[in-house]
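Given next are the chains, with one letter for each unit.
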Amino acid sequence: GAQPPPRVPAKREPDQPKQYYVRDNIVTVPDVEEAKKVIFAEIGNRPQELKELEVRVILNTALNRMDEYKKHGTPMTLTEVLQMPNQYQGYNSPQYKLYSQQATDTPTTSKKNDTNKIVDKLLKEIEAGTFQDNTHGAFYYSHKNGKIYYDDKKQLFAPTQRMKSQPLFLNQ
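Note that the structure is predicted; figures quoted are calculated from it, not measured. (Residues numbered from 1 in each chain as written. Predicted model: local features only at pLDDT ≥ 70, side-chain atom pairs only at ≥ 80, totals over all residues. Heavy atoms only, no water.)

Engineer: How should I be thinking about the overall build of the chain in this particular structure?
Structural biologist: Per the secondary structure count, the chain includes five helices and four strands. Taken from N to C terminus, the helices and strands of the chain fall in the order β-β-α-α-α-α-α-β-β. Relative to its 172 residues, the chain shows a buried fraction of 37%. Considering only intrachain contacts with a sequence separation of at least 6, the fraction spanning at least 24 residues in the chain is 65%. Roughly 11,900 Å² of accessible area belongs to the chain as shown, and the carbon and sulfur atoms make up 53% of that amount. (Helix = DSSP H or I, 4+ residues; strand = E, 2+ residues; numbered from the N terminus. Buried < 20%, exposed > 50% of the residue type's maximum accessible area, 1.4 Å probe, protein only. Contact = heavy atoms within 4.5 Å. Areas by Shrake-Rupley, 256 points an atom, 1.4 Å probe, with all protein chains shown as cover.)

Right, dumping it as structure tokens:
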């Protein structure tokens, strides 16, 4: 049979911002910049491999929430998920604000470089289609005593209760 013509990648218009596609979600460059600030604020002073593990968990819980909101008919961007009240402690914290400042002290610049390096590595995985969910679909995570825990049982939405239809009787 005849070979189909080769697929030509769609040309991006120069003014169209770059987008990442991950698990049926679109992540924009502004989303990535927001994620970097939240991640910078969330990750502690841990060894590099633990920082990367935590960044993967943060990003996956946020992406899993995006999936869940979409399933419930209220799609949200990564930025909207990260900025929801009382969800990611790093959002709007002093460390979050520090990321955007022109800090020159070594601990801050070092942590900022670590954050950017890890996020850039994960973006390459996203582009290659190899980025994995290391949380088994979890929406929540925490860290205690230097260890990172995710909760893949806690639901984002309460299960919907089906009302049994009860016959109505009029008082006679």
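Moving on from the model shown.
Engineer: Please clarify how the packing of aromatic side chains should be interpreted in this entry.
Structural biologist: Both the distance between ring centres and the angle between the ring planes are used here to describe each pair of aromatic rings. Under the definition given, this model contains three aromatic pairs. Ring centres of Tyr69 and Phe157 lie 5.1 Å apart, and the angle between their planes is 75°; on these two criteria the pair is classed as edge-to-face. With Tyr69 in helix α2 (residues 48–71) and Phe157 in the segment after β4 (147–151), this residue pair connects regions lying 88 residues apart in the sequence. (Phe/Tyr/Trp six-rings, centres within 6.5 Å; stacked < 30°, edge-to-face > 60°.)

Engineer: How should I be thinking about the side chain of Lys36 in this particular structure?
Structural biologist: Looking at the element boundaries, Lys36 is found in helix α1 (residues 29–42). With a relative accessible area of 9%, Lys36 lands in the buried category. Those residues within four positions of Lys36 in sequence are excluded, and the remaining contacts are Tyr99, Thr115, Asn116, Val119 and Asp120.

Engineer: Can you help me understand the pairing of strand β2 (residues 25–28) in this one?
Structural biologist: Across a regular strand the side chains alternate sides, sitting on one face of the sheet and then on the other. Going residue by residue along β2, you find Asn25 and Val27 tucked away on one face and Ile26 and Thr28 left uncovered on the opposite face. Pairing geometry for strand β1 (residues 19–22) and β2, over four bridges, is antiparallel. Looking across to β2, one finds that Tyr21 is bridged to Ile26. Hairpin connection from β1 to β2: two residues lie between these consecutive antiparallel strands, with Arg23 at a positive phi of about 45°. (Pairing = 2+ DSSP bridges.)

Engineer: Is there a simple way to think about the nonpolar core in this case?
Structural biologist: The tendency in soluble globular proteins is for nonpolar side chains to be buried side by side. Core analysis: the biggest nonpolar cluster contains 29 residues, and Leu78 and Tyr88 have the highest contact counts within it. Counting only elements with at least two residues in this core, the list comes to β1, α1, α2, α3 (78–82) and α5 (106–128). Counting residues per element, this core draws most heavily on α2, which supplies seven residues. (Core = buried A, V, L, I, M, F, W, Y, C linked by side-chain atoms within 4.5 Å.)

Engineer: I would appreciate a short explanation of the pattern of salt bridges in the present structure.
Structural biologist: Working definition: two side chains of opposite charge can pair if their charged atoms are close together. Evaluated as defined, the whole model comprises nine salt bridges. A salt bridge links Lys18 to Glu127; the shortest N-O distance between them is 2.7 Å. Of this pair, Lys18 sits in the segment before β1 while Glu127 is found in helix α5, placing the two residues 109 residues apart along the sequence. Assessed through its relative accessible area of 31%, Lys18 is described here as partly exposed. A salt bridge links Asp114 to Lys51; the shortest N-O distance between them is 2.7 Å. (Salt bridge = Lys/Arg side-chain N within 4 Å of Asp/Glu carboxyl O.)

Engineer: In this structure, what is going on with α5? I would like to understand it.
Structural biologist: Given 3.6 residues per helical turn, the α-helix brings residues three or four places apart onto the same face. Across its 23 residues, α5 extends 33 Å between first and last C-alpha, which sits within 8% of the 33 Å expected from 1.5 Å per residue. Tucked inside the fold, the buried residues of α5 contact β1, α1, α2 and α4 (94–100). Of the residues flanking the end of α5, it is Gly129, one or two places downstream, whose phi is positive at about 75°. (Expected span 1.5 Å × (residues − 1).)

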